[in-house]
Amino acid sequence: MNELLVTTLLIVSLFLILGSGVWIGLTLSGVAWIGMQLFSARPAGDAMALTIWGSASSWTLTALPLFIWMGEILFRTRLSQDMFKGLAPWMQWLPGRLLHTNVMGCAIFAAVSGSSAATCATIGKMSLPELARRGYPDDMAIGSLAGAGTLGLLIPPSIIMIVYGVTADVSIAELFIAGVIPGILLALLFSGYIVLWALRHPGSVPPRDAVMSFGQKLHASRSLIPVVLLITAVLGSIYTGIATATEAAAIGVVGSLILSALQGSLSWRTFKESLLGGTRLYCMIALILAGAAFLTLSMGYIGLPRHLAEWIGSLGLSKAQLIVALTIFYAILGCFLDGISMVVLTMGVIMPTVQKAGIDPLWFGIFIVLVVEMAQITPPVGFNLFVLQGMTRREISWIARVTLPFFFIMVLAVALVYAFPQLVTWLPAHMKG
Amino acid sequence: MRRLLDTLYDGCAALAALAMVALLASVLLSVAGRQLGFNIPGIDSYAGFLLAASGFLSLAHTLKRGEHIRVTLLLNSLSPGPKRALELWTLLAGALLAGLFAFYSAKLAWQSHEFNDVSTGTDATPLWIPQLSMAVGAAVLLIALIDELVLELRGQRVVPTSDEAMHNE
């Protein structure tokens with residue numbers, strides 16, 4: 001009982017310190033420190049330094065900064081400017097027309113960048129003004145952008161998947177490949193909803209732009225095609241087993257440098273900016289990972305993961321009930337924590353429970369990413385909502401309301417992935433190497 | 001003093017960026033090695049060391065740019081007086097934790113040096129050399145946090161709000 005009391009105390013202090021605004025990575029190591037002092041005879045400081053060193057210098061993590069850097073390079077090319085222009089001619093014939101550029105643009109950019117707020121901001125910067133100019137309704141334009149922006153997490157390379165893979169000890173390459181089908185499925189569901197909406201409100205969709213010939217269309221998307229080829233090469237090399245995730249990332253960096261040089265957007269200034277931007281973004285995540293590694297060690301001494309697994313096991317929940325409970329738990333956590341912190345904070349504690357319940361860690365990774373995506377577009381802390389608020393100067397409650405249909409589509413996607421786990425596991429099972 | 005501190009943060013960040021480039025080079029080298037049939041002993045451990053250096057040496061620079069994330073829900077809803085008090089607390093707590101981290105990282109590097117610890121790979125690198133990056137990075141982070149604390153006390157602190165911070169999600 002005493003143990004339970006102290007555990008509660010630790011969790012309460014964790015959320016108090018986090019809530020007060022202390023940097024997340026430092027908070028995690030601070031709480032871990034208190035836990036070590038209370039529960040173990042091992043000197044906390046030495047254990048901290050050794051654990052953090054071990055996690056920060058691990059080879060599996062090297063894919064993370066390289067993929068981040070690749071995204072930063074491509075982010076500074078003409079890609080984001082040309083995305084709308086390049087996609088628009090191909091979308092005219094679909095009901096809902098150019099609204100689909102949001103979904104397609106986000107899906108392509110997601111494969112370049114591992115982040116959903118960056119995806120949302122980059123695509124929206126070009127597509128929102130263009131859609132407004134042509135008279136598309138604001139609520140659909142902004143809602144579909146907010147929803148589709150979250151694809152950044154699911155379609156590889158995804159930062160959060162690397163973080164999950166490292167903390168839960170699941171193959172990053174398999175996670176990436178596992179995310180492909182659910183990512184495409186989600187994009188199709190978003191597009192399907194736009195089609196349905198357009199068929200029900202035919203008066204709200206503006207007329208189509210001037211018809212272009214096939215050659216003109218190709219010309220308009222000339223800067224997209226090399227990027228799509230690069231993405232295919234990176235993912236293809238992982239799928240066929242030619243390269244590990246880290247090696248594919250390194251090839252991706254070189255490829256994106258060559259692309260940006262060919263487009264003429266590579267200069268010493270953009271190179272330096274992308275390198276430093278990537279270094280800072282990696283550093284931010286590394287600090288959280290360092291704190292989380294120490295916290296996981298400390299929690300192990302307390303025995304929290306084991307107790308939790310035993311307690312949940314004793315409840316006799318079915319697998320479905322456990323998944324629903326975890327979805328609600330993450331939705332609440334997502335109200336005030338970002339996705340990466342959520343994953344690293346909970347993995348060390350929840351993984352034994354998940355494994356004991358017979359849930360495949362690979363499938364669980366995709367599930368977590370989907371749930372974190374949902375948290376991105378739910379108030380009060382949905383990063384995509386903040387991004388859109390900054391871009392459109394609208395009330396956050398209004399943005400959340402127009403995004404709601406897309407939120408329900410994601411709930412549907414989670415249900416589908418639960419009902420048909422093959423959506424996740426089929427493709428990785430057929431990987432070579 | 002201001003110039004000196006800023007040079008320290010940016011200099012460390014430049015080293016971190018250099019480590020990132022070297023990390024890329026080492027991964028490419030190991031790919032090339034496999035294709036062309038040569039082998040560089042311990043290249044994977046070097047990649048790990050460079051990864052660590054890249055992360056640790058940029059800690060202070062990233063802090064100064066306001067890109068380390070934290071929960072600002074409460075901070076942003078407070079009026080200036082209580083907000084300042086809470087900011088001081090976060091900086092104090094942060095400095096304390098960074099201090100602990102710096103001290104024990106330095107101790108770890110020192111012990112590796114004393115006991116001649118080498119890495120487990122075929123390279124047998126003396127571990128204190130790469131571990132130094134952690135000790136230095138943590139120490140510079142401590143300096144940066146104290147720097148911010150002093151600025152806050154003097155009422156001169158500018159908390160940067162950067163668009164880049166949005167990249168992380």
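Residues numbered from 1 in each chain as written. Chains lettered and ligands numbered in written order. Predicted model: local features only at pLDDT ≥ 70, side-chain atom pairs only at ≥ 80, totals over all residues. Heavy atoms only, no water.

The helix and strand inventory of chain A stands at 22 helices and 0 strands. A compact globule built from 433 residues should have a C-alpha radius of gyration of about 22 Å, and chain A, at 22 Å, falls within 12% of that. For chain A, the residues scored as buried account for 60% of the 433 residues in total. For chain A, the exposed area adds up to about 16,200 Å²; of that, 69% sits on carbon and sulfur atoms. Taking the average location of the 22 positive side-chain charges in chain A and that of its 17 negative ones, the two points are 11 Å from each other. (Helix = DSSP H or I, 4+ residues; strand = E, 2+ residues; numbered from the N terminus. Rg over C-alpha atoms; globule rule 2.2 N^0.38 Å. Buried < 20%, exposed > 50% of the residue type's maximum accessible area, 1.4 Å probe, protein only. Areas by Shrake-Rupley, 256 points an atom, 1.4 Å probe, with all protein chains shown as cover. Lys, Arg positive; Asp, Glu negative; His and termini not counted. Charge placed at Lys NZ, Arg CZ, Asp CG, Glu CD.)

Check the secondary structure of chain B and you find 6 helices and 0 strands. Seen in sequence order, chain B has helices and strands lined up from the N terminus as α-α-α-α-α-α. Across its three principal axes, chain B shows a C-alpha extent of roughly 65 × 35 × 30 Å. The buried share among the 169 residues of chain B stands at 48%. Considering only contacts within chain B whose residues lie at least 6 apart along the sequence, 75% involve residues at least 24 apart. If you sum the accessible surface of chain B, you get close to 8,200 Å²; carbon and sulfur atoms cover 67% of it. (Contact = heavy atoms within 4.5 Å.)

With that settled, consider the packing of aromatic side chains. Tallying each qualifying case throughout the model produces 17 aromatic pairs over all chains. With 5.3 Å between their ring centres and 70 degrees between their planes, Phe329 of chain A and Tyr330 of chain A make a pair best called edge-to-face. On the basis of relative accessibility, which here comes to 1%, the residue Tyr330 of chain A falls in the buried class. Between Trp363 of chain A and Phe367 of chain A the ring centres are 5.6 Å apart and the planes differ by 10 degrees, which places this aromatic pair in the stacked class. Of this pair, Trp363 of chain A and Phe367 of chain A both sit in helix H19 (residues 361-376), 4 residues apart, which is roughly one turn of that helix. Grouping residues by exposure puts Trp363 of chain A and Phe367 of chain A together as buried. Sitting over the face of the ring of Trp398 of chain A, Arg394 of chain A holds its NZ or CZ atom 4.0 Å from the ring centroid. Across the ring face of Trp23 of chain A, the terminal group of Arg70 of chain B is positioned such that the distance to the ring centre comes to 4.7 Å. (Phe/Tyr/Trp six-rings, centres within 6.5 Å; stacked < 30°, edge-to-face > 60°. Lys NZ or Arg CZ within 6 Å of the ring centre and 35° of its normal.)

Quick look at the confidence of the model for chain B now. Residue and element names in this part refer to chain B. Model confidence for chain B is summarised by a mean pLDDT of 89, while 93% of its residues fall at 70 or above. Contacts of residues 162-169 to residues separated by more than four positions or lying in other chains number 34 contacts, the stretch itself having pLDDT below 50. As a predicted assembly, this complex carries a pTM of 0.87 together with an ipTM value of 0.93. (pLDDT = per-residue confidence, 0-100.)

Next up on the list: the interface of chain A and chain B. Opposite the 65 residues of chain A that make contact, chain B presents 61 residues. Of the roughly 5,500 Å² buried between chain A and chain B, counting both surfaces, carbon and sulfur atoms make up 75%. For the chain A face of the interface with chain B, the top three residues by lost area are Trp23, Trp53 and Arg280 of chain A, together amounting to 17%. Where chain A packs against chain B, one counts 3 salt bridges. Note that Lys107 of chain B and Asp46 of chain A form a salt bridge whose closest N and O atoms lie 3.1 Å from each other. One can count 9 residue pairs in polar contact (both at pLDDT 80 or more) joining chain A with chain B. Looking at the side of chain A that touches chain B element by element, the count peaks at 13 residues for helix H15 (residues 268-302) of chain A. (Buried area = accessible area lost by both parts, 1.4 Å probe. Salt bridge = Lys/Arg side-chain N within 4 Å of Asp/Glu carboxyl O. Polar contact = N/O pair within 3.5 Å; in protein donor to acceptor, adjacent residues only side chain to side chain.)

Let us now look at the packing of helix H7 (residues 116-134) of chain A against helix H20 (residues 383-392) of chain A. All names here are of chain A. The interhelical angle for the contact between H7 and H20, taken along N-to-C directions, is 25 degrees, at an axis separation of 9 Å. Judged on the interaxial angle alone, H20 and H7 are roughly parallel. Judged by the sense of rotation from one axis to the other, the crossing of H7 with H20 is right-handed. Residues Ser116, Ala117, Cys120, Ala121, Gly124, Lys125 and Leu128 of H7 form the contact with H20, whose own contacting residues are Asn384, Val387, Leu388, Met391 and Thr392. Of the residues that constitute the contact of H7 with H20, the class distribution is 7 nonpolar, 4 polar and 1 charged. (Axes fitted to C-alpha atoms, helices over the stretch in contact; angles between N-to-C directions. Parallel < 35°, antiparallel > 145°, perpendicular 65-115°, else oblique. Left-handed = near helix turned anticlockwise from the far one by under 90°. Nonpolar A, V, L, I, M, F, W, Y, C, P; charged D, E, K, R; others polar.)

Moving on to helix H21 (residues 396-419) of chain A. Residue and element names in this part refer to chain A. When the terminal C-alpha atoms of H21 are compared, their 33 Å separation across 24 residues agrees well with the 34 Å that a helix rising 1.5 Å per residue should span. A bend of about 45 degrees at Leu404 is the largest found in H21, and the proline Pro405 appears one to four places after it. Listed in full, the buried residues belonging to H21 are Trp398, Ile399, Ala400, Val402, Thr403, Phe406, Phe407, Ile409, Met410, Ala413, Val414 and Val417. Each element contacted by the buried residues of H21 is listed here: helix H8 (138-149), helix H11 (172-200), H19, H20 and helix H22 (422-429). (Expected span 1.5 Å × (residues − 1). Bend = angle between axes of the 7 residues up to and from the residue.)

All names here are of chain A. Formed by 198 residues in total, the largest nonpolar core has its most connected members in Leu64, Ile285 and Phe364. For this core, the element with the most residues is H15, which contributes 16 residues. Dropping the residues within four chain positions of it, Phe364 is found in contact with Tyr164, Leu326, Met347, Ile350, Val354 and Ile359. (Core = buried A, V, L, I, M, F, W, Y, C linked by side-chain atoms within 4.5 Å.)

For the rest of this paragraph, the subject is the environment of Ser13 of chain A. Residues and elements named next belong to chain A. Here Ser13 shows up in helix H1 (residues 2-20). Considered as a pair, Ser13 and Gly143 are 130 residues apart in the sequence and their alpha carbons are 37 Å apart. From its side chain, Ser13 meets the backbone oxygen of Leu10 in a polar contact 2.8 Å long.

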